[in-house]
Amino acid sequence: MKEIVVISGKGGTGKTSLTASFAYLGGKDVIVADCDVDAADMHLLMQPDFADEDDFYSGELAHINQYDCIQCGKCKEVCRFDAIPIIKGKYIVDPLSCEGCGYCARVCPIDAITNKDLNVGKWYISNIKTGSMMVHAKLGIGADNSGKLVAKVKSEAKDIAEEERKDIAIVDGSPGVGCPVVSSLSGASFVVLVTEPSVSGYHDLKRVYELVKKFNIKAGCIINKYDINKKVTAEIVEFLKKENIVHIANLPYDEDFTRAMTNGQTIVEYSDNHLKDLITDSWNKIKRSVN
Amino acid sequence: MKIAIASGKGGTGKTTLSTNLASFLAEEHEVVLTDLDVEEPNSGLFIEADLVREKDKFKMVPEWSADECILCGNCQKVCNFHAVIQLGEMIMVFPELCHGCYACSELCPTSSLPMIPKKMGVLKHFRNGNLNFVESRLDIGEEQAVPLIKQTHKYIDQQFDDNFIRIFDSPPGTSCPVIEATKDADYIILVTEPTPFGLHDLKLAVETMKELKKEFGVVINRFGIGNDDVLAYCNEEQIKVLAKIPNSRRIAELYSQGRLIYKEIPEVRAELEKMKDLIMGKMKEVVK
């Protein structure tokens with residue numbers, strides 16, 4: 001089983017629209033994982049049925065039992081996150097600042113502090129319109145540990161792919177270069193980088209590729225809206241050559257991206273023009289590169 | 001006055017709005033723009049200014065010293081993040097997992113895990129006339145954005161008082177880095193686009209801001225594309241729509257070149273003008 005991870009560094013480059021199109025083209029043979037758990041949008045195009053759902057617990061939150069508290073202040077003293085302010089004479093844990101390190105509970109002389117497991121979100125296994133399955137998640141507001149939820153979504157998708165003997169799992173990865181995207185990348189067979197020829201698109205591509213290099217994963221790149229700035233497109237193409245990244249395709253600026261999404265469809269369903277052909281060619285090229 | 005510019009979805013135009021608004025306001029006021037999207041900081045690509053200061057930023061992590069260690073295993077036991085592990089006769093520290101709580105270090109009976117600084121990123125401060133620009137950039141391989149965002153806030157608080165309009169370009173999403181970037185703001189501007197993805201992620205961002213009990217308004221970018229559902233949602237929820245930035249290929253092209261759009265597109269300037277009135281009004285409230 002091969003795992004293809006689609007990432008972009010920068011948001012708004014068309015990553016999810018393209019991942020959904022590939023999932024549609026792959027049909028029954030492809031398991032889908034939406035690892036952009038922080039702003040998960042794949043479900044808007046895939047019509048999942050939310051067949052199975054489960055809570056996801058990760059990390060802890062300190063809780064001070066006010067009845068037992070003797071107000072010694074030890075907890076506040078050791079907390080490096082300023083998470084225990086004194087409110088109306090009481091030591092109260094600020095849930096948004098608490099990192100769940102548990103140090104306060106360890107130093108409390110009368111054991112008035114307990115740590116509670118944190119429910120940080122939900123994850124789902126769904127049947128989707130391609131006839132295949134999708135693993136996706138919804139992260140709770142302000143939740144930490146989205147990297148762990150990403151890891152969970154990925155490992156579930158992998159298990160299903162193996163059980164169902166599917167050849168490919170396609171993963172909509174997380175933005176940025178931090179913990180969630182590190183989780184998205186681990187174990188990938190091939191990375192598809194989606195970028196756009198803007199100064200910021202190129203900047204973020206270079207940064208996220210530095211991370212991909214650390215993982216030593218083979219990569220390919222799609223330049224979306226290539227005709228918006230042909231000078232930057234040329235620079236990106238040069239960069240791809242230098243770094244030995246497969247140049248998968250240049251896609252034109254096309255508002256069909258938005259129209260398809262507004263219709264709840266993938267681009268390859270909605271559009272019957274040149275764009276559909278280019279995306280289909282891209283998918284075939286990706287499959288060849290993986291094998 | 002602190003204004004955070006945020007969005008659920010990435011790529012909706014946070015950086016476009018932050019840089020254009022900051023430069024526009026700086027025509028008449030003292031402004032500091034801070035890029036808190038430390039994983040992928042982009043604002044600097046649109047701001048021309050001279051470097052004032054550059055500082056490496058560190059987080060504190062434990063370092064094992066074998067001499068006095070009695071291998072009691074307490075450090076491993078107290079670390080909730082699996083960042084300290086005892087392996088045979090060795091203690092191993094994984095700095096990228098460490099949250100810097102100091103528990104292993106301070107609860108070690110033989111003081112064998114002193115905390116040492118480890119570089120996690122770089123802060124740069126630039127200036128051009130009325131406009132100050134500060135960005136922090138996380139080193140590749142560092143996984144945690146929050147400690148760097150915290151230190152950047154600290155720098156801003158030390159350097160700039162209430163006379164500055166302080167604008168923060170926040171990371172995308174709704175998880176911990178966004179909370180850290182927005183929790184001290186007086187006002188939040190949520191940037192979205194009128195598409196199903198934009199609406200879905202806007203709803204998450206609105207929930208987050210309600211949870212934080214923040215006052216906020218919405219800017220719709222690429223207005224004219226997609227459908228009217230975002231506008232309908234804002235009406236229904238009585239959320240103030242502060243500005244509509246038109247959808248145009250010309251704007252996308254200017255953006256791609258790293259140029260400020262309000263200088264060349266009068267409609268954008270007019271929208272920023274509207275926002276200025278609101279901001280100056282809020283400013284008076286806050287200073288009171």
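Please read all numbers here as calculations on a predicted model, not as lab measurements. (Residues numbered from 1 in each chain as written. Chains lettered and ligands numbered in written order. Predicted model: local features only at pLDDT ≥ 70, side-chain atom pairs only at ≥ 80, totals over all residues. Heavy atoms only, no water.)

1. What about the overall build of chain A?
No. 1: Helices and strands together make up the secondary structure of chain A, namely eleven helices and eleven strands.
No. 2: Considering only C-alpha atoms, chain A reaches an extent of 70 × 40 × 35 Å along its principal axes.
No. 3: Of all 291 residues assigned to chain A, the portion counted as buried reaches 58%.
No. 4: Across chain A, the fraction of contacts at a sequence separation of at least 24, relative to all contacts at a separation of at least 6, is 77%.
No. 5: Accessible area of chain A: about 11900 Å², with a carbon and sulfur share of 46%. (Helix = DSSP H or I, 4+ residues; strand = E, 2+ residues; numbered from the N terminus. Buried < 20%, exposed > 50% of the residue type's maximum accessible area, 1.4 Å probe, protein only. Contact = heavy atoms within 4.5 Å. Areas by Shrake-Rupley, 256 points an atom, 1.4 Å probe, with all protein chains shown as cover.)

2. What to know about the domain arrangement of chain B
No. 1: Looking at chain B, the domain boundaries give domain 1 (2-58 + 121-287) and domain 2 (64-113).
No. 2: When each unit is reduced to the centre of its C-alpha atoms, the spacing between domain 1 of chain B and domain 2 of chain B is 40 Å. (Domains from an automatic or database assignment.)

3. Regarding the sheet that holds strand β6 (residues 113-127) of chain A
Residues and elements named next belong to chain A.
No. 1: Strand order in the open sheet made by the nine strands is β3-β6-β7-β2-β8-β1-β9-β10-β11, with mixed pairing throughout. If you trace the sheet from one side to the other, it starts and ends with β3 (52-64) and β11 (246-250), each paired once. Recorded for the sheet is a direction-independent mean angle of 20 degrees between the axes of neighbouring strands.
No. 2: As defined by bridge partners, strand β2 (residues 30-34) adjoins strand β8 (residues 168-172) across five bridges and the pair is classed as parallel. Bridge pairing in β8 links isoleucine 31 to alanine 169.
No. 3: The sheet strands contacting helix α7 (residues 199-215) are β1 (2-7), β9 (190-195) and β10 (219-223), and the helix crosses β9 at an angle near 165 degrees.
No. 4: Where helix α11 (residues 274-290) meets the sheet, it contacts β1, β2, β8, β9, β10 and β11, and its direction lies at approximately 170 degrees from that of β11. (Pairing = 2+ DSSP bridges. Axes fitted to C-alpha atoms, helices over the stretch in contact; angles between N-to-C directions.)

4. Remarks on the state of the cysteines
No. 1: Tallied over the full model, the rule gives zero disulfides over all chains.
No. 2: Not engaged in a disulfide, the cysteine cysteine 75 of chain B finds its nearest cysteine sulfur in cysteine 72 of chain B; these two sulfurs lie 6.3 Å apart.
No. 3: Its relative accessible area of 10% is what places cysteine 75 of chain B among the buried residues.
No. 4: Cysteine cysteine 176 of chain B remains unbridged, with the sulfur of cysteine 179 of chain A as its closest cysteine sulfur at 7.8 Å. (Disulfide = S-S within 2.5 Å.)

5. Description of the interface of chain B and chain A
No. 1: Contact residues are listed per partner, giving 60 residues for chain B and 60 residues for chain A.
No. 2: Between chain B and chain A the total buried area reaches about 5000 Å² when both faces are included, carbon and sulfur atoms providing 56% of it.
No. 3: It is Glu40, Ile140 and Phe197 of chain B in chain B that bury the most area against chain A; as a group they hold 16% of the surface buried on that side.
No. 4: Counting across the interface, chain B meets chain A through three salt bridges.
No. 5: For the salt bridge of aspartate 227 of chain A with arginine 249 of chain B, the shortest nitrogen-to-oxygen distance reads 3.7 Å.
No. 6: There are 31 residue pairs in polar contact (both at pLDDT 80 or more) connecting chain B and chain A.
No. 7: Elements with a contribution of two residues or more to the side of chain B that touches chain A: α2 (74-78), α3 (103-106), β7 (131-138), α4 (146-159), α5 (176-182), α6 (196-211) and α8 (249-256) of chain B. (Buried area = accessible area lost by both parts, 1.4 Å probe. Salt bridge = Lys/Arg side-chain N within 4 Å of Asp/Glu carboxyl O. Polar contact = N/O pair within 3.5 Å; in protein donor to acceptor, adjacent residues only side chain to side chain.)

6. As for the sheet that holds β7 of chain B
Residues and elements named next belong to chain B.
No. 1: Strands sit in the order β3-β6-β7-β2-β8-β1-β9-β10-β11 across an open sheet of nine strands; the sheet is mixed. The open sheet is flanked by β3 (50-62) and β11 (241-246), the only strands paired with a single partner. Each strand of the sheet is rotated relative to its neighbour by a mean of 20 degrees, with strand direction disregarded.
No. 2: Alignment of strand β10 (residues 216-223) against β11, held across four bridges, turns out to be parallel. Residue pairing across strands places valine 218 opposite valine 241, the latter belonging to β11.
No. 3: Each of β9 (187-192), β10 and β11 touches helix α7 (residues 229-236); the most contacted strand, β10, lies at about 165 degrees to it.

7. Digging into the nonpolar core
No. 1: Of all hydrophobic cores here, the largest spans 45 residues; its most connected members are Ile7, Leu185, Val191, Leu193, Val212 and Ile245 of chain A.
No. 2: What isoleucine 245 of chain A contacts, discounting residues up to four positions off in sequence, is Leu193, Tyr209, Ala219, Gly220, Cys221, Phe239 and Leu240 of chain A.
No. 3: Counting residues in hydrophobic clusters, the runner-up holds 38 residues, among them Leu17, Leu131, Leu242 and Ile261 of chain B. (Core = buried A, V, L, I, M, F, W, Y, C linked by side-chain atoms within 4.5 Å.)

8. Overview of a negative patch on the surface
No. 1: On the surface, Asp159, Glu162, Glu163 and Glu164 of chain A cluster together into a negatively charged patch.
No. 2: In this fold, aspartate 159 of chain A is placed in helix α5 (residues 146-163). (Patch = residues over 30% accessible without salt bridge, like charges linked within 9 Å, V, L, I, M, F, W, Y side chains within 5 Å. Lys, Arg positive; Asp, Glu negative; His and termini not counted. Charge placed at Lys NZ, Arg CZ, Asp CG, Glu CD.)

9. What to know about the pairing of β6 of chain A
All names here are of chain A.
No. 1: Bridge count between β3 and β6: eleven bridges; the pairing is antiparallel. Following the sheet pairing, aspartate 52 is matched in β6 by isoleucine 125.
No. 2: Pairing analysis gives seven bridges linking β6 to strand β7 (residues 133-139), with the strands arranged antiparallel. By the bridge assignment for β7, glycine 121 is matched with leucine 139.

10. Concerning the packing of helix α1 (residues 15-26) of chain A against α11 of chain A
Helix-helix packing is characterised by the crossing angle of the two axes and by the distance between the axes.
All names here are of chain A.
No. 1: Close contact between α1 and α11 brings their axes to 10 Å; oriented N to C, the two are set at 75 degrees. Comparing their axes, α11 and α1 come out roughly perpendicular. Where α1 approaches α11, its residues Leu18, Ser21, Phe22, Leu25 and Gly26 are matched on the opposing element by Ile279, Thr280, Ser282, Trp283 and Ile286.
No. 2: Here the residues of the contact of α1 with α11 sort into six nonpolar, four polar and no charged. (Parallel < 35°, antiparallel > 145°, perpendicular 65-115°, else oblique. Nonpolar A, V, L, I, M, F, W, Y, C, P; charged D, E, K, R; others polar.)

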